[in-house]
Amino acid sequence: MTSRVSFRRCDTYEDAHDVLNDLLLPFEKYFSKGDEVLVKPNMLSPRKPEEAVTTHPKILEAVLKFLLDLGTTPVVGDSPASGTAMSVAKKAGIHEVCERLNVPILNLNDPVETNGEVYKKIKISETAITRKVVNIAKLKTHSQMVMTLGVKNTFGCVVGMEKAGWHLRAGTNERFADLLIDVHLIVSPVITIMDGIEGMEGNGPANGVKKHFGLLAVSDNAFALDYAIVEALNVDPEIVYTVKRSIDRGLIPEFVVDGEWKGEIKLPSTVPVVPVPKPLQSLARRFVRVPKINVNRCVRCRICENTCPAGAIDIDRTRIDYSKCIRCYVCHEVCPEDAILLVRKFLMR
Ligand code: SF4
Ligand code: SF4
């Protein structure tokens, strides 16, 4: 069956309710009165709505009203990279919306062991598996995975510290993309919505540069949605790990794009600017971007030290052990002070 990706230009969050309502109408048929629904926004870390790190509360509000009008029972949930769902919700304006609409906020911490196509024993929240899922992603770059879009957003359904452990177990970005795809296939959202009115470019997903994209997009297939967005941004799909592996695994369906939108985006500094000639590739692989603690900005909160899957960070000495570091850039992602720099370094190994 041919999938549909709907794009609409939307320049302000004040207009988001009307635009989204229109976009969601064709999806009414997927829900019945009494359905239990998990709404999974991007709740990466405790940041204000205007920082464009988390799903904007106006988008969440429009989605919750749509679901409540259909007589479903929604909850909002995530398992954030730092903080709890409640602490993120309070800072991100999500709590105020949920309180007003009487919708509970859940920290997704109810693991069940599941098996994916590539990986086994993935601990995913039972809430995400037993409820219909509405996935609301944010259009951002990602220092490790190049971009974070619809498929990656469901990684927040993997419970707590399990997420950090998977960075270590997967090993490479391609293999980590396979895990993200496995999780997405297991969670299998009914619809994926892209909050692309304000997003992020550069070294996202938390400490990049805020960017106005003016996009709202919806699809019942996040693989098609992600591919369409990457194409509309004129980014090579082969360099965005989740999109590349989706192509390799034959997961991009035939799809049509309804609506017009084009954008541009500055990719993370971790992505090579020009293709490296083959004879120089092994040398180039040693020139890598590594995290470095900016001692003047660091407030010694230890969030990075506690989240680093490789145990490579020593905050007492403000040092990173590069022989342990796997360059997942989680430290850069979770630092609330933007105190982790990504610097070029020649590694001997
Ligand atoms: S680098 Fe950032 S996350 Fe790590 S201890 Fe310093 S302020 Fe906290
Ligand atoms: S130091 Fe940072 S980039 Fe290196 S493994 Fe730890 S979290 Fe990942």
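Note that this is a predicted model, so its numbers are computed, not measured.

Enquirer: Tell me about the side chain of Asn221, residues and numbers included.
Expert: Secondary-structure assignment places Asn221 in the loop between β10 (209–219) and α9 (222–232). One polar contact links the side chain of Asn221 to the main-chain amide nitrogen of Ala224, over a distance of 3.0 Å. Beyond its immediate chain neighbours, meaning those up to four positions away, Asn221 contacts Ser3 and Pro253.

Enquirer: Explain the domain arrangement of the protein to me, and be specific about the residues and the numbers.
Expert: By a widespread convention, an interface's size corresponds to the accessible area lost as its parts come together. Domains assigned within the protein are domain 1 (3–258) and domain 2 (278–346). Between the C-alpha centres of domain 1 and domain 2 the distance comes to 26 Å. The junction of domain 1 with domain 2 conceals about 1300 Å² of combined surface from both sides, 60% of it contributed by carbon and sulfur atoms. When residues of domain 1 are sorted by the area they lose upon contact with domain 2, His167, Leu168 and Asn207 head the list and together hold 35% of the total. Here domain 1 and domain 2 share zero salt bridges between them. Joining domain 1 to domain 2, the criterion identifies four residue pairs in polar contact (both at pLDDT 80 or more). Per-element accounting of the side of domain 1 that touches domain 2 gives the leading share, three residues, to helix α7 (residues 162–170).

Enquirer: Requested: an account of the site of ligand 1, with residues and values cited.
Expert: Lining the immediate surroundings of ligand 1 are Cys298, Val299, Arg300, Cys301, Arg302, Cys304, Ile315, Cys335, Pro336, Glu337, Ala339 and Ile340. Partitioning the shell around ligand 1 into residue classes produces nine nonpolar, no polar and three charged.

Enquirer: Residues and numbers for the layout of surface pockets, please.
Expert: Size it by volume and the largest pocket reaches roughly 1300 Å³. Residue lining of the largest pocket: 35 residues in total, with Tyr241, Thr270, Val271, Pro272 and Arg285 positioned closest to the centre. Only α7, α8 (173–187), α10 (241–248), α11 (281–284) and β12 (287–293) provide two or more residues apiece to the lining of the largest pocket. For the lining of the largest pocket, the residue count by class is 19 nonpolar, nine polar and seven charged.

The rules behind each value
Residues numbered from 1 in each chain as written. Chains lettered and ligands numbered in written order. Predicted model: local features only at pLDDT ≥ 70, side-chain atom pairs only at ≥ 80, totals over all residues. Heavy atoms only, no water. Helix = DSSP H or I, 4+ residues; strand = E, 2+ residues; numbered from the N terminus. Polar contact = N/O pair within 3.5 Å; in protein donor to acceptor, adjacent residues only side chain to side chain. Contact = heavy atoms within 4.5 Å. Domains from an automatic or database assignment. Buried area = accessible area lost by both parts, 1.4 Å probe. Salt bridge = Lys/Arg side-chain N within 4 Å of Asp/Glu carboxyl O. Near = heavy atom within 4 Å. Nonpolar A, V, L, I, M, F, W, Y, C, P; charged D, E, K, R; others polar. 1 Å grid on protein atoms, 1.4 Å probe; cavity = no way out; pocket = protein on both sides within 12 Å on 5 of 7 lines; lining within 4 Å. Points joined across faces, edges and corners; volume = space filled by probe spheres on them.

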